[in-house]
Amino acid sequence: MQDIDRAREALAAAHKVVALTGAGISAESGVPTFRGDGGLWKNFRAEELATPEAFHRDPLLVWEWYGWRRQTIAPLAPNPGHYALVAMERRFGEFMLVTQNVDGLHRAAGSVKLAELHGNIWFTRCTVEGTVRENRAVPLALLPPRCSCGALLRPHIVWFGEELDAGVLQSAVDACRAADVMIVAGTSSAVYPAAGLAGLAKEAGAFLIEINIEATPASGMMDVHLSGRSGELLPRLLE
Ligand code: BJW
């Protein structure tokens, strides 16, 4: 039996499904990934931009980078991989989509049962009050943007060394522990705690399906590794 058929068979028998996505799923929409050739970290050092220390040191530089990324993402649309996950949410009684992506494309596609582990680039947070607000202005009127209370706003994104939102992470952990099948698509499985979720699902007995254009550190624990683009393979899982 071919790997894609084994994956389809596991899904056909599943009641509880969880999917974990990363930057690769948005690559076919035109969003740059983080690692590898053409990745964002190729030209920018992560620790200079995606850490609380970097923001403290130079909020304008960090906001210029986020402003540029918002401008890059704004005109982009979800691709067939995002829509296949919306179809899965409707097909399975219990389904949760856990994403590391901050681009908002899963929401734009129509996913509702969604845990955004690393936040969302279209939201800001007040550095003093903690208030989270949607902000879709492109370009931003003022850099760095400020809250009505006068304090600096920051992107509502989880940077390196920062804790993930405990409630969001717990809902992802619960879904992984309960799942019959877990799909891991378009992530390098390099960043924790997201990279540890597949192991939790495996320990609890889930069937693991990985979709990626290359092998990752998690490939060895997968029941099936499907090599290729998520925009092509996710829809095929549902055929
Ligand atoms: C395709 C494709 C196509 C391409 N189809 N596939 C345990 C061990 C070691 C370290 C740690 C640990 N626990 C915590 C840490 C520290 C740290 C960490 O994990 N470091 C590692 C680098 C080792 N984690 C944290 O700091 C987290 N906080 C935390 O745990 O707090 C408690 C704590 C702190 C410190 C110590 C211990 C505990 C927070 C992590 C926040 C991550 N934030 C970022 C940046 C946000 C900034 C922004 O976006 O503006 O989130 S990092 C960046 O990587 C981004 C992504 O969400 C994340 C994951 O990347 P992803 O999505 O996998 O993308 P890529 O580019 O890596 O991979 C793309 C993949 O797609 C590739 O595999 C391609 O092949 C594939 N692909 N096209 C299918 N068409």
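Keep in mind it's a predicted model, so treat the numbers as computed, not measured.

**Student:** I'd like a rundown of the nonpolar core, residues and numbers included.
**Tutor:** Generally speaking, a soluble globular protein has its nonpolar side chains buried in company with each other. In terms of nonpolar packing, the biggest core is built from 27 residues, with Ile183, Leu234 and Leu237 touching the most fellow members. Put simply, the parts of the chain that give this core at least two residues each are α1 (3–13), β1 (16–21), α7 (80–91), β2 (94–99), β7 (181–185), β8 (207–212), β9 (224–227) and α11 (230–237). Broken down by element, this core gets its largest block of residues, four residues, from α1.

**Student:** Which residues make up the packing of aromatic side chains, and what values do they have?
**Tutor:** If you walk through the whole model with that rule in mind, you get four aromatic pairs. Here Trp63 and Tyr66 contribute two aromatic rings whose centre-to-centre distance is 6.5 Å and whose plane-to-plane angle is 70°, an arrangement assigned as edge-to-face. Of the two residues, Trp63 and Tyr66 both sit in helix α6 (residues 59–73), three residues apart, roughly one turn of that helix. No difference in accessibility class separates Trp63 from Tyr66, as the two residues are buried. A ring pair is formed by Tyr66 and Trp159, whose centres lie 6.4 Å apart and whose planes are at 45°; its orientation type is tilted. Separated by 93 residues along the polypeptide, Tyr66 in helix α6 and Trp159 in the loop between β6 (153–157) and α9 (166–178) bring together distant segments of the chain. By relative accessible area, Trp159 is classed as buried at 3%. Site record: aromatic cluster; members linked through ring pairs are Phe55, Trp63, Trp65, Tyr66 and Trp159. The ring of Trp65 has Arg69 sitting right over it, with the charged end atom 4.5 Å from the ring centre. The ring of Trp159 has Arg154 lying over it, and the distance from NZ or CZ to the ring centre is 3.9 Å.

**Student:** Describe the site of the ligand, naming the residues involved and giving the relevant values.
**Tutor:** The local shell around the ligand holds 35 residues, among which Arg35, Tyr66, Arg69, Ser188 and Asn212 are the closest. Taking Tyr192, its main chain carries an N or O atom lying 2.7 Å from an oxygen atom of the ligand. In this structure, an oxygen atom belonging to the ligand sits 3.5 Å away from a side-chain N or O atom of Glu214. Its free accessible area being 1,500 Å², the ligand has 78% of it covered by the protein chains.

**Student:** Help me get a handle on the domain arrangement of the protein chain, residues and values and all.
**Tutor:** Each assigned domain of the protein chain is listed with its residue range as follows: domain 1 (3–30 + 78–118 + 163–237) and domain 2 (37–75 + 126–157). Inter-centroid distance (C-alpha atoms) of domain 1 to domain 2 is 27 Å.

**Student:** Can you explain the sheet that holds strand β3 (residues 114–116)? Please cite residues and give values.
**Tutor:** Think of a sheet as strands paired side by side through backbone hydrogen bonds, with each pair either parallel or antiparallel. In spatial order, the strands read β3-β2-β1-β7-β8-β9; together these six strands make up an open sheet with parallel pairing. In this open sheet, the two strands that pair with only one neighbour each are β3 and β9. With strand direction ignored, the average angle separating the axes of adjacent strands in the sheet is 15°. Examined bridge by bridge, β8 and β9 share four bridges and lie parallel to one another. When the sheet's bridge partners are listed, Asn212 is paired in β9 with Ser227. The strands touched by α9 within the sheet are β1, β2, β3 and β7, with β2 carrying the most contacts at an inclination of about 130°. In this fold α11 packs onto β7, β8 and β9, with an angle of close to 145° to the strand it touches most, β8.

**Student:** Summarise the layout of surface pockets; cite the residues concerned and give the values.
**Tutor:** Taken as a whole, the second largest pocket holds about 300 Å³ of empty space. In terms of lining residues, the second largest pocket is bounded by 19 residues, among which Glu116, Gly119, His156, Asp165 and Val168 are the most central. For the lining of the second largest pocket, the secondary structure elements donating two or more residues are β3, β4 (119–126), β6 and α9. For the lining of the second largest pocket, the element with the highest residue contribution is β4, accounting for four residues.

Scoring rules and cut-offs
- Residues numbered from 1 in each chain as written.
- Predicted model: local features only at pLDDT ≥ 70, side-chain atom pairs only at ≥ 80, totals over all residues.
- Heavy atoms only, no water.
- Core = buried A, V, L, I, M, F, W, Y, C linked by side-chain atoms within 4.5 Å.
- Buried < 20%, exposed > 50% of the residue type's maximum accessible area, 1.4 Å probe, protein only.
- Helix = DSSP H or I, 4+ residues; strand = E, 2+ residues; numbered from the N terminus.
- Phe/Tyr/Trp six-rings, centres within 6.5 Å; stacked < 30°, edge-to-face > 60°.
- Lys NZ or Arg CZ within 6 Å of the ring centre and 35° of its normal.
- Near = heavy atom within 4 Å.
- Polar contact = N/O pair within 3.5 Å; in protein donor to acceptor, adjacent residues only side chain to side chain.
- Areas by Shrake-Rupley, 256 points an atom, 1.4 Å probe, with all protein chains shown as cover.
- Domains from an automatic or database assignment.
- Pairing = 2+ DSSP bridges.
- Axes fitted to C-alpha atoms, helices over the stretch in contact; angles between N-to-C directions.
- Contact = heavy atoms within 4.5 Å.
- 1 Å grid on protein atoms, 1.4 Å probe; cavity = no way out; pocket = protein on both sides within 12 Å on 5 of 7 lines; lining within 4 Å.
- Points joined across faces, edges and corners; volume = space filled by probe spheres on them.

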